[in-house]
Amino acid sequence: MRLLSRDLMNSISAAVAAARSSSPINVVEIAQTVQSENPQENVAFEDILSYVLDVAQCTGEPLLFERQHSTPEGAHMNGAGVIDR
């Protein structure tokens, strides 16, 4: 895992702290948000996700690992199916 900058770690900690008010904490969503808000860091998603998970586990709150789907097409591409009746 790549070492993260202090600013990036602070962003992750702040995002996890803010997410505590709406349990469960969505680890994947936080990692996506932090990465998109900090493109200048040029850090792999997996490295950010790993640190988000570490911080979130320390809260003792329930965790969720779910990617947000921005469109129905994106949801379908990620394995979500549509039931036709």
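All figures in this text were calculated on a predicted structure; none of them were measured in a lab. (Residues numbered from 1 in each chain as written. Predicted model: local features only at pLDDT ≥ 70, side-chain atom pairs only at ≥ 80, totals over all residues. Heavy atoms only, no water.)

Turning next to the nonpolar core. Grouped together as the largest cluster of nonpolar side chains are 18 residues, with contacts concentrated most on L8, I12, V16, I30, I48 and V52. Secondary structure elements with two or more residues in this core: α1 (6–19), α2 (27–37) and α3 (45–57). Beyond its immediate chain neighbours, meaning those up to four positions away, I30 contacts A15, V16, A19, I25 and V52. (Core = buried A, V, L, I, M, F, W, Y, C linked by side-chain atoms within 4.5 Å. Buried < 20%, exposed > 50% of the residue type's maximum accessible area, 1.4 Å probe, protein only. Helix = DSSP H or I, 4+ residues; strand = E, 2+ residues; numbered from the N terminus. Contact = heavy atoms within 4.5 Å.)

An ideal rise of 1.5 Å per residue puts 18 Å on 13 residues; α3 measures up with 18 Å between its terminal C-alpha atoms. By the burial criterion, the buried members of α3 are F45, D47, I48, V52, V55 and A56. Taken down its axis, α3 places every buried residue within 165 degrees of arc, on the same side. Looking at the buried residues of α3, the elements they touch are α1, β1 (25–26), α2 and β2 (63–64). (Expected span 1.5 Å × (residues − 1). Arc of directions from axis to C-beta.)

This part covers the packing of α2 against α3. Running from N to C, α2 and α3 point in directions that differ by 130 degrees, and their axes come no closer than 9 Å. With respect to α3, the element α2 is oriented oblique. Of the two possible hands of crossing, α2 and α3 adopt the one that is right-handed. Note on element contacts: α3 touches α2 through F45, I48, L49, V52, L53 and A56, opposite V27, V28, I30, A31, Q32, V34 and Q35. Grouping the amino acids of the contact of α2 with α3 by side-chain chemistry returns 11 nonpolar, two polar and no charged. (Axes fitted to C-alpha atoms, helices over the stretch in contact; angles between N-to-C directions. Parallel < 35°, antiparallel > 145°, perpendicular 65-115°, else oblique. Left-handed = near helix turned anticlockwise from the far one by under 90°. Nonpolar A, V, L, I, M, F, W, Y, C, P; charged D, E, K, R; others polar.)

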